[in-house]
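# Secondary and tertiary structure notes
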Amino acid sequence: MPATVTLDPLGVHCIFSDGSEYRRRLRVLRPVELPELARTLLEGATDLVHPHGQVDSAGGFDLYLTAVRGFTDWLVEFGFSGGACDLTRALLARYWRQGVRSSQESALRAMLRCADDQDQILAPDVRAFVDGRLFNTGERYSSHQPYSEAEWARLIRTCRVEIDGAYRAFCAAREQASSADGPGASLRERTAHHWLVVHNGPDALVKEMAESGSFPFRQRYGAGLRAVLDPLIPPLDVIIAYQLLFGAYTGIVPDGIADLGLTDIEWAGDEKIFLSYVKGRTAAESLALSRQATRLLEQWLDHSAVARRFAPEGLRPELWVRFTPSGTWAGERWLAKPATRLSVVRWPCSLPAICRTCCGYGRSSPASGSR
């Protein structure tokens, strides 16, 4: 089978047509709510994976996991404690009418439909309701006006503060952990943890903490571990700030920035960089970077040096490689894909709407527009 449900912990295991393997827990940091219903929905989702269905990538399946989490969380809050056979038209309508995204509504309908095709679990009227039209027909976007000069300056200032503070913390932590003689302290000391990350990589710290429990984490993979890693391994918030500022300095469109690799960077002496990128679905384009953009790119390459050194070999050529400790196995913790829209919305910016520039949802510079 190309996709199966795993039970301990509850999650999925998929093998896509390109041979890539995908493992995800439904929950990482807390127990699964309504496990019987969640398992039923996941079993329906596995029937949608290629060659039985159209889902054939990690990003495609992530949508279904998000839909399961959102639906079960709402049901628990509502007071529901049954299984799929106990769902009613009124309950589903109430959930969808609260403004669930059309993509998640479609995903939930598809999972229920597939699960019902397998085991005939839905009442006839609920089955007909699930097969009916969507309550949420999708978002409509009108064209955005360019940011004002004040908004654009505020965005750049916010990104600069975020980036410069993170880079100073990185340089200090790397310097403190640079000794080749060993950590020189017990693993309860922050400097010793930094030494372990610099010399053995972030996976080594995750393994050490999982096995020994020698650090007082609030949870095994929680804020405590992130607080140790973040000075040396740039977190997603910092990466988003770099991408936003790089877009502001260059005018390159978001998908062009997200797809950049080290092979796209051509050095012309010590002071000049020529960058090759792809704009949407058009042919490749090139750009001579300004001094500001060149310095920012050099800073990012240094800031991401520790992470890049220990990333899987296939991800090292990617420009925006990152590490997330919440993955259930080592290969799942390393990523190089663009930030999701939800991550950008949560980004700690004083102008949340402006943050959407990075992911293509916002407006353009009043001066440069977008390349």
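About the thresholds
- Going along each chain's sequence as written, the residues are numbered from 1 onward.
- Side-chain atom pairs in this predicted model are given and counted only at pLDDT of 80 or more, local residue features only at pLDDT of at least 70, and totals for whole chains, interfaces and linings cover all residues.
- Where side-chain values are given, they derive from all heavy atoms of the structure, hydrogens and water being excluded.
- Helix and strand definitions here come from DSSP, where helices need a minimum of 4 consecutive H or I residues and strands a minimum of 2 consecutive E residues; each element is numbered from the N-terminal end.
- For each residue, the accessible area found with a 1.4 Å probe, counting protein chains only, is set against the maximum for its type, and the residue is called buried under 20%, exposed over 50%, and partly exposed in between.
- Contacts are assigned to residue pairs that have any heavy atoms within 4.5 Å of one another.
- We get accessible surface area from the Shrake-Rupley algorithm with a probe of 1.4 Å; when it comes to residues, only the shown protein chains can shield them.
- The nonpolar core is taken to be a set of buried Ala, Val, Leu, Ile, Met, Phe, Trp, Tyr and Cys residues, with the residues joined through side-chain atoms within 4.5 Å.
- Pairs of strands are assigned from DSSP output, requiring at least two bridges between the strands.
- Note on method: axes are straight lines fitted to C-alpha atoms, helices fitted across the in-contact stretch only, with angles between N-to-C directions ranging 0 to 180 degrees.
- Note on aromatic contacts: the rings of Phe and Tyr and the six-membered ring of Trp form a pair at centre separations within 6.5 Å, being stacked when their planes are under 30 degrees apart, edge-to-face when over 60 apart, and tilted otherwise.
- By the criterion adopted, a ring carries a charge over it if an Arg CZ or a Lys NZ lies within 6 Å of its centre and within 35 degrees of its normal.

### Digging into the overall build of the protein chain
The secondary structure content of the protein chain amounts to 15 helices and 8 strands. Considering the protein chain as a whole, with its 371 residues, one finds that 43% of them fall into the buried category. Within the protein chain, residue pairs in contact and separated by at least 24 positions form 63% of the contacts whose partners lie at least 6 positions apart. When the accessible surface of the protein chain is summed, it comes to about 18,400 Å², and 50% of that surface belongs to carbon and sulfur atoms.

### As for the nonpolar core
The biggest cluster of nonpolar side chains holds 44 residues, and the ones touching the most others in it are L37, F61, F71, L75 and M111. Secondary-structure elements contributing two or more residues to this core are β1 (3–7), β2 (10–15), α1 (35–46), α2 (58–78), α3 (89–97), α4 (102–119) and α5 (124–130). Counting residues per element, this core draws most heavily on α2, at 8 residues. The contact partners of F61, leaving out residues within four places of it in the chain, are V12, C14, Y22, A45, T46, V49 and V55. Ranked by size, the runner-up nonpolar core spans 31 residues in total, among them V238, L260, L287 and L296.

### Comments concerning the sheet that holds β1
On the basis of which strands lie adjacent, the open sheet formed by 3 strands has the order β1-β2-β3 and antiparallel pairing. In this open sheet, the two strands that pair with only one neighbour each are β1 and β3 (21–25). Going from strand to strand, the sheet's axes swing by 15 degrees on average, the running direction of each strand aside. In the sheet, β1 pairs with β2 via 5 bridges, with the strands oriented antiparallel. The residue of β2 that forms the bridge with A3 is C14.

### Section: the pairing of β2
In terms of residue burial, β2 counts as a mostly covered element, since 5 of its 6 residues are buried. Between β1 and β2, which pair antiparallel and follow one another directly, the connecting turn spans 2 residues. Strand direction decides the pairing type here: β2 and β3, joined by 5 bridges, are antiparallel. When the bridges of β3 are listed, I15 appears paired with E21. Between β2 and β3, which pair antiparallel in sequence order, lie 5 residues; one of them, G19, sits at a positive phi of approximately 90 degrees.

### A short note on the packing of aromatic side chains
Enumeration according to the criterion identifies 13 aromatic pairs in this entry. Ring centres 5.6 Å apart and planes at 55 degrees place the aromatic pair Y22 and F61 in the tilted group. Of this pair, Y22 sits in strand β3 while F61 sits in helix α2, and the two are 39 residues apart along the sequence. Here Y22 and F61 have matching classes, each one buried. Measuring from centroid to centroid gives 6.0 Å for W96 and F129, while their planes differ by 25 degrees, and the two rings are stacked. Of this pair, W96 sits in helix α3 while F129 sits in helix α5, and the two are 33 residues apart along the sequence. The exposure classification of W96 matches that of F129, with both residues buried. One Lys or Arg, R109, reaches over the ring of W96 and ends 4.2 Å from the middle of that ring. Note that R109 overlies the ring of F129, its terminal NZ or CZ placed 6.0 Å from the centroid.

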